[in-house]
Amino acid sequence: MTDTTSPPTPPAGLPAAAAPRPPAAPPGGLPPLRFSFSTPSDWVQVDMSADGPAAARRFVERLVEGQPEGNRDRRREIQVAATFQGTVRKARRQGARMAAFWSVQAEGRLAGASVMVAIRPVPPGLVPKDAASPEEAHLAALERAVRHVTASGQDDGGSVIETGLVELPAGPARRVRRSQVVDALGSRHRTEVVQFFVLAPDQRQMVVITFSTPTLELAEPLAGLFDALACSLRWRP
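Since the model is a prediction, treat every value here as computed from it, not as a measurement.

Before going further, it helps to examine the overall build of the chain. Helix and strand counts for the chain stand at four helices and 10 strands. For the chain, the N- to C-terminal ordering of α and β elements is β-β-β-α-α-β-β-α-β-β-β-β-α-β. Counting every position in the chain, which comprises 237 residues, the buried fraction comes to 50%. Contacts in the chain between residues at least 24 apart in sequence constitute 64% of all its contacts with a sequence separation of at least 6. As presented, the chain carries roughly 11100 Å² of accessible surface, and 54% of it is formed by carbon and sulfur atoms.

Right, let's talk about the nonpolar core for a bit. Of all hydrophobic cores here, the largest spans 30 residues; its most connected members are F37, F196, I209 and F211. Contributions of two or more residues to this core are made by β4 (98-106), β5 (109-121), β6 (159-168), β8 (187-199), β9 (205-213) and α4 (219-230). One finds A56, V60, A81 and A91 within the second-largest nonpolar core, a separate group that totals 14 residues.

So, on to the packing of aromatic side chains. Enumeration over the complete set of coordinates arrives at three aromatic pairs. Measuring from centroid to centroid gives 6.3 Å for W43 and W102, while their planes differ by 25°, and the two rings are stacked. Residue W43 is found in the loop between β2 (35-36) and β3 (44-45), and its partner W102 is found in strand β4; the two are separated by 59 residues along the sequence. Aromatic side chains F211 and F226 sit 4.7 Å apart centroid to centroid with 10° between the ring planes, which places their arrangement in the stacked category. Separated by 15 residues along the polypeptide, F211 in strand β9 and F226 in helix α4 bring together distant segments of the chain. Accessibility expressed as a relative area gives 1% for F226, which makes it buried. The rings of F196, F211 and F226 are connected pair by pair, giving a single aromatic cluster.

Moving on, we come to the pattern of salt bridges. In total, this model carries six salt bridges according to the counting rule given. Taking the shortest distance from any N to any O, the salt bridge between E220 and R177 comes out at 2.8 Å. Here the residue E220 occupies a position in helix α4, and R177 occupies one in strand β7 (residues 171-184), the gap between them amounting to 43 residues. A single salt-bridge network, built from bridges that share partners, covers E162, R175, R177, E192, E220 and D227.

Attention shifts here to helix α3 (residues 134-151). For α3, which comprises 18 residues, the first-to-last C-alpha distance of 26 Å matches the rise-based estimate of 26 Å (1.5 Å per residue) to within 8%. Taken together, the buried positions of α3 are A137, H138, A141, L142, E143, A145, V146 and V149.

The subject of this paragraph is the side chain of T39. Its place among the elements puts T39 in the loop between β2 and β3. With a relative accessible area of 16%, T39 lands in the buried category. Apart from the residues lying within four places of it in its own chain, the contact partners of T39 are Q45, M98, A100 and V115.

Looking now at unusual backbone geometry. Of note in this structure, Q203 is not a glycine but carries a positive phi near 60°. Looking at where Q203 falls in the secondary structure, it is placed in the loop between β8 and β9.

Of the residues in the chain, 72% have a pLDDT of 70 or more, and the chain-wide mean is 76. Within the chain, strand β10 (residues 234-235) carries the highest mean pLDDT (95), whereas strand β1 (residues 2-3) carries the lowest (38). Low pLDDT (under 50) marks residues 1-25, which in the prediction has 62 contacts with non-local residues, meaning those over four places away or in another chain.

Each value, and the rule that gives it
- Residue indices begin from 1 for each chain and proceed along its sequence in written order.
- Under the rules for a predicted model, residues below a pLDDT of 70 receive no local features and side-chain atom pairs below 80 are neither given nor counted, while totals for whole chains, interfaces and linings still include all residues.
- Excluded from the side-chain calculations are hydrogens and water; all other atoms, namely the structure's heavy atoms, are used.
- Secondary structure is summarised from DSSP: a helix means a run of H or I of at least four residues, a strand means a run of E of at least two, and numbering begins at the N terminus for each.
- Buried residues are those whose accessible area, probed at 1.4 Å on protein chains only, stays under 20% of the maximum for their type, while exposed residues exceed 50% and partly exposed ones sit between those limits.
- Any two residues having at least one pair of non-hydrogen atoms within 4.5 Å are treated as being in contact.
- Each accessible area value is a Shrake-Rupley result obtained with a 1.4 Å probe; residue values ignore everything except the protein chains displayed when judging cover.
- Buried residues of nine kinds, namely Ala, Val, Leu, Ile, Met, Phe, Trp, Tyr and Cys, make up a nonpolar core once their side-chain atoms join them within 4.5 Å.
- The rule is short: rings of Phe, Tyr and Trp, with Trp giving its six-membered ring, pair when the centres are within 6.5 Å, and they are stacked under 30 degrees, edge-to-face over 60, tilted in between.
- Salt bridges are defined by distance alone: a side-chain nitrogen of Lys or Arg within 4 Å of a carboxyl oxygen of Asp or Glu.
- Expected helix span is given by 1.5 Å per residue-to-residue step, counting one fewer step than there are residues.
- Known as pLDDT, the predictor's per-residue confidence is scaled from 0 to 100.

Structure below.
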């Protein structure tokens, strides 16, 4: 496990900000949290109501439509379908505000990735009263909030590859990259997950951005893309 502190850099062509997400009333009587989050135009917004195997297979069939049968990689298609199904199920279970999926095929092979954005309430009293500065107090509250979310089983589990603090336009974030095995479509698949935990300005709520991919041979460049996409998070008044 390594500690990373380099700030992510947004890629050229990524929208600076998306249309604000409609505010949702979080649990516990907390005020609605308004933010925007961008994905590139070739990422597809996920239908949260379709999470069965049939929906996952239909999604993959649309991706490979017109592809010669001899060029299709069935193993990779199953992996992408499993990622799609797992993303929708997790998004619904965790009350995600949005989820999106990306895939591309080349020479009959599929590569895919997903993102889910959720809001987590955090307990009051996390901000230390003896901090030397507001920035120090916010960092301390962030780390305590991450420990709370992790301890309550709201992270993705798995084996941590690297973790560290990064600076996003929305503020400091704890970035965790891990490897995990997921069960979907009747088999087990290894995926790589990158999560960003960002404490909201009210310090009572946390945005958790979860990226995942089953395309392990592209894990490194995709992790860089995930870092860049995380930079699109913005708070809205």
